[in-house]
Amino acid sequence: KVAPPRCPELRVGVLACRTPHRPNPVGLSLARIVRVNAAAGEVVLAGLDVVDGTPCLDLKPYLPTFEAIPSAVVPAWVQASYEEPLMTVAWSTEASAQLAMLLKGPAADDCDAGDSSYGSGGGEAVEARRVRLWPFASEQELRIAL
């Protein structure tokens, strides 16, 4: 179980939230609900970017932060989750040092497989390829996103 970012007291299964860290290659697609037939256990969707007949395994609510459809309606319980304050994230000294190493290491094109690793303090080697900031404008923006 994981805690959704805006509801730290709530615990849900990994497939019950929009985390990109999934144990399988299930895709996500924005769709419009055309109709619901509860008696038949059927939901008809439109506008999916899937092959006709592809099964829909799960439905999630529309989130305006992630999907920009001006006419979409957000359920009240989803809106309430956005009114929760964001959780504070504190970077450990080790995590900050590792990120700094990745941001300042040689570019991927400059690394040879034989000499592109540094010790991480734990005995294992860590590749020293530089992480690109794009699409972020600064290291700080990248840290906030991570």
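Our subject is the structure that appears above.
Presented here is an overview of the structure given in this document. (Residues numbered from 1 in each chain as written. Predicted model: local features only at pLDDT ≥ 70, side-chain atom pairs only at ≥ 80, totals over all residues. Heavy atoms only, no water.)

Structural notes on the overall build of the protein chain
Quick reminder of the rule: Per the convention used, a helix needs a DSSP run of H or I reaching at least four residues, while a strand needs a run of E reaching at least two, with both numbered from the N terminus. Burial classes follow relative accessibility: with a 1.4 Å probe on protein chains only, a residue under 20% of its type's maximum area counts as buried, one over 50% as exposed, and anything between as partly exposed. Residue contacts are defined here by distance: any two heavy atoms, one from each residue, within 4.5 Å place the two residues in contact. Method for areas: the Shrake-Rupley scheme with a 1.4 Å probe, in which residue coverage is limited to the protein chains shown.
Check the secondary structure of the protein chain and you find three helices and four strands. Helices and strands in the protein chain line up, N terminus first, as β-β-α-α-β-β-α. A burial count over the protein chain gives 14% of its 146 residues as buried. Of all intrachain contacts in the protein chain linking residues separated by at least 6 positions in sequence, the fraction that spans at least 24 positions is 33%. Accessible area of the protein chain: about 11,200 Å², with a carbon and sulfur share of 58%.

Comments concerning the pairing of strand β1 (residues 32-37)
The cut-off we apply is this: We call two strands paired when DSSP finds no fewer than two bridges between them.
Taken across its six residues, β1 has zero buried, putting it largely on the surface. Where β1 meets strand β2 (residues 42-46), five bridges bridge the pair, whose relative direction is antiparallel. Note on β2: the bridge partner recorded for isoleucine 33 is leucine 45.

Notes on the side chain of serine 81
By the element assignment, serine 81 lies in helix α1 (residues 76-82). With a relative accessible area of 14%, serine 81 lands in the buried category. The contact partners of serine 81, leaving out residues within four places of it in the chain, are Arg6 and Cys7.

What to know about the packing of aromatic side chains
Which entries qualify depends on this criterion: Each Phe, Tyr or Trp ring, with Trp reduced to its six-membered ring, pairs with another whose centre is within 6.5 Å; inter-plane angles below 30 degrees give stacked pairs, above 60 give edge-to-face pairs, and intermediate values give tilted ones. Note on geometry: a ring has a charge over it if NZ (lysine) or CZ (arginine) is within 6 Å of the ring centre and within 35 degrees of the ring normal.
By the definition in use, this model includes zero aromatic pairs. For arginine 143, the ring lying beneath its charged end belongs to tryptophan 91, and the centroid distance is 4.7 Å.

So, a nonpolar patch on the surface
Here is the rule: For patch building, the residue pool is restricted to those with more than 30% relative accessible area and no salt bridge; the joining distance is 9 Å between like charges and 5 Å between nonpolar side chains (Val, Leu, Ile, Met, Phe, Trp, Tyr). When a carboxyl oxygen of Asp or Glu is within 4 Å of a side-chain nitrogen of Lys or Arg, the pair counts as a salt bridge.
On the surface, Ile33, Val36, Val43 and Leu59 cluster together into a nonpolar patch covering about 350 Å² of accessible area. In this fold, isoleucine 33 is placed in strand β1.

Some details on the pattern of salt bridges
In total, this model carries three salt bridges according to the counting rule given. We note a salt bridge from glutamate 139 to lysine 104, for which the minimum N-O separation is 3.9 Å. Highlighted residues: glutamate 139 in helix α3 (residues 139-145) and lysine 104 in helix α2 (residues 93-104), separated in sequence by 35 residues. Among the residues examined, glutamate 139 registers a relative accessible area of 26% and is labelled partly exposed. Overall, the relative accessible area of 61% leaves lysine 104 in the exposed class. Three or more residues are tied together by salt bridges with common partners; here these are Lys104, Glu139 and Arg143.

Description of the side chain of arginine 143
Here arginine 143 lies in helix α3. The residues contacting arginine 143, other than those within four sequence positions of it, are Trp91, Ser96 and Leu99.

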